[in-house]
Amino acid sequence: MFLFREAAMSDEDAIFELARHLNSLNLPPERPYIHELLQRSLASFRGSPDFDPTRRFLFVLEGDDGQVVGTSMIHAQHGDTDEPHVFFRVIQEERYADLRVTPNSEVHDVHMTHTMLYLGQTYDGPTELGGLVLRPELRHHPDKLGRLLSLARFVFISSHRGWFRDRLLAELLPPLVQGPGGTTRSPLWDALGHKFTGLTYHEADRLSRFNKEFIWRLFPTMPIHACLLPEGVQDIIGQVGPNTVGAKRLLESIGFQYSGRVDPFDGGPHYEADTDQVTIVRDTQGYAPVVGEPDPSAQPGIVAVTQDRAPHFRAVWTPAQAVFAADTPPGAPPTQVLVRREALQQLGVLAPGQDTPSPEARVLVALRPQRRYSDRVASVPPGARSPTGSLRLS
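Residues numbered from 1 in each chain as written. Predicted model: local features only at pLDDT ≥ 70, side-chain atom pairs only at ≥ 80, totals over all residues. Heavy atoms only, no water.

As annotated in an unreviewed UniProt entry, the protein chain carries the name Arginine N-succinyltransferase and is attributed to Nannocystis exedens.

Put into structure tokens, the structure is as follows:
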């Protein structure tokens, strides 16, 4: 069983090897960058209950053999006075004219719709979800590991709601190409950004990790007509690459929508959602864990634990079934959840050889994302509905 957990300093070598193997934009193979990121993440998990826009949370996915096979991140706020959130607004503008060469000639109507790119920025940006990297050979794993890497973050957000903004952002990668030497290239950057900055896509991406001021200073402030770009470049604005289609569908299933904004580097779409309307954030509930085998019809979901010491957050994907305690008053919601022994051991709730969790133990549970609460209760008789709407009841 794979474990999603907070990254530790001891993971630095494994994360560096993962980054070196993949050479991903989300996880550059630069040891100083990874080391600083880990330090900031550890400080973020240990932070006070107050909101801090500089927090960055780094998570890893660990296999049964202890090997780190993936990462994902949360930025508490993307865009501040030191480093604004920069984007293109994609706006469709219409133009119309009736043209005639002479007063007696036939009217020639011209109606055009132009895609315009407006450079924008904000110093009070949303919480950003990013840094999702998974080893390529595991992308089609039967346990759907990308789903756990992505969705477990929302359970963490639900459990520490005050640490995050009221709006969530996910920047999705568009179709990219491989240049000489295996370097990643963006057709939009080659056609636009490079002409205004003189930087390659790789150079611009690296610089933007520390300073985005060059975009605002060097890019045109007037709207850009996309029709002046090569046709192949126009076609990718706001589109996702083939390896990102699954991530887009997953985000849409929990409430994200295309915001009409794209990345100024590569044209990748920005997907956003109100934090409290994301299904997993909204529907995550706390239960007392009970060791057992859920019914075959029990829904799989994310089961997680939080604690005051490292690792502050751990999660697994496993079937879970809400059950009523013997002393539950009539009409009250269930307070316990039935979870397999293996999953509780992975979460550290159950020690080897221990038969039952401690009475104080609590787990967070989020049902599979494609089942919204309103959909789940719509066909259930009122007397059978669970106030939590999160799990199948026994």
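Undergrad: I'd like a rundown of the overall build of the protein chain, residues and numbers included.
TA: The helix and strand inventory of the protein chain stands at 11 helices and 17 strands. Each principal axis of the C-alpha distribution contributes one length, and for the protein chain these read about 90 × 55 × 40 Å. Within the span of the protein chain, comprising 394 residues, buried residues form 48% of the whole. Long-range pairs, those at least 24 residues apart, make up 69% of the contacts in the protein chain between residues at least 6 apart in sequence. (Helix = DSSP H or I, 4+ residues; strand = E, 2+ residues; numbered from the N terminus. Buried < 20%, exposed > 50% of the residue type's maximum accessible area, 1.4 Å probe, protein only. Contact = heavy atoms within 4.5 Å.)

Undergrad: Now, about the packing of aromatic side chains: what can you tell me, with residues and values included?
TA: Describing an aromatic ring pair means giving the distance of the ring centres and the angle of the ring planes. Per the stated rule, a full pass over the model turns up 20 aromatic pairs. On the numbers, 6.3 Å between centres and 35 degrees between planes, the contact of Phe196 with Phe219 is tilted. Of this pair, Phe196 sits in helix H4 (residues 187-197) while Phe219 sits in the loop between helix H6 (213-218) and strand E10 (224-225), and the two are 23 residues apart along the sequence. Residue class for Phe196 comes out partly exposed when judged on its relative accessible area of 36%. Taken together, the ring pairs connect Phe4, Phe45, Phe57, Phe59, Phe156, Trp163, Phe164 and Phe313 into an aromatic cluster. In this arrangement the basic side chain of Arg55 is found over the ring face of Trp163, its NZ or CZ atom lying 4.2 Å from the centre. The ring of Trp317 carries Arg147 above its face, with NZ or CZ at 3.7 Å from the centroid. (Phe/Tyr/Trp six-rings, centres within 6.5 Å; stacked < 30°, edge-to-face > 60°. Lys NZ or Arg CZ within 6 Å of the ring centre and 35° of its normal.)

Undergrad: Can you explain the pattern of salt bridges? Please cite residues and give values.
TA: Here the structure, examined in full by the defined rule, presents 20 salt bridges. A salt bridge links Glu93 to Arg95, with the shortest nitrogen-to-oxygen separation between them at 3.3 Å. On the accessibility criterion, Arg95 (46% relative accessible area) is partly exposed. Among the ionic contacts, a cluster of salt bridges with common partners joins Arg5, Asp11 and Glu62. (Salt bridge = Lys/Arg side-chain N within 4 Å of Asp/Glu carboxyl O.)

Undergrad: Now, about the domain arrangement of the protein chain: what can you tell me, with residues and values included?
TA: Along its sequence, the protein chain is organised into domain 1 (3-81 + 122-279), domain 2 (86-120) and domain 3 (284-371). Taken together, the 21 residues of domain 1 in the interface contact 18 residues of domain 3. Contact between domain 1 and domain 3 buries roughly 1,600 Å² in total, counting both sides, with carbon and sulfur atoms accounting for 69%. The three residues of domain 1 that bury the most area against domain 3 are Leu3, Glu6 and Val155, which together make up 33% of that side's buried surface. In this assembly, domain 1 and domain 3 are joined by 0 salt bridges. Counting across the interface, domain 1 meets domain 3 through 3 residue pairs in polar contact (both at pLDDT 80 or more). Only strand E1 (3-6), helix H3 (145-159) and helix H8 (245-253) provide two or more residues apiece to the side of domain 1 that touches domain 3. Per element, the largest residue contribution to the side of domain 1 that touches domain 3 is 8 residues, and it comes from H3. Across the side of domain 1 that touches domain 3, the residue classes break down as 11 nonpolar, 5 polar and 5 charged. (Domains from an automatic or database assignment. Buried area = accessible area lost by both parts, 1.4 Å probe. Polar contact = N/O pair within 3.5 Å; in protein donor to acceptor, adjacent residues only side chain to side chain. Nonpolar A, V, L, I, M, F, W, Y, C, P; charged D, E, K, R; others polar.)

Undergrad: Lay out unusual backbone geometry with the relevant residues and their values.
TA: Residues Ala310 and Pro311 are joined by a peptide bond in cis, for which omega reads -5 degrees. Here Pro311 shows up in the loop between strand E14 (300-306) and strand E15 (313-323). Even without being a glycine, Lys144 presents a positive backbone phi close to 50 degrees. Mapped onto the fold, Lys144 is located in the loop between strand E6 (127-134) and H3.

Undergrad: Which residues make up the pairing of strand E12 (residues 269-274), and what are the values?
TA: Counting buried residues along E12, 5 of its 6 residues qualify, which places the element largely inside the surrounding structure. In this structure, strand E7 (residues 167-171) lies alongside E12, joined through 5 bridges in antiparallel fashion. Note that in E12 the partner of Ala170 across the bridge is Tyr271. Relative to E12, strand E11 (residues 257-262) runs antiparallel, the two sharing 3 bridges. Residue pairing in the sheet places Gln257 in a bridge with Glu272 of E12. Between the antiparallel neighbours E11 and E12 lie 6 residues, among them Gly267 with a positive phi of about 80 degrees. (Pairing = 2+ DSSP bridges.)

Undergrad: Explain helix H2 (residues 31-45) to me, and be specific about the residues and the numbers.
TA: The terminal C-alpha atoms of H2, which comprises 15 residues, lie 21 Å apart, in line with the 21 Å expected from a rise of 1.5 Å per residue. Along H2, the residues that are buried comprise Tyr33, Ile34, Leu37, Leu38, Ser41, Leu42, Ser44 and Phe45. Buried residues of H2, seen end-on, are gathered within an arc of 165 degrees and therefore sit on one face of the element. Looking at the packing, one finds that the buried side of H2 touches E1, helix H1 (12-22), strand E2 (56-62), strand E3 (68-75) and H3. (Expected span 1.5 Å × (residues − 1). Arc of directions from axis to C-beta.)

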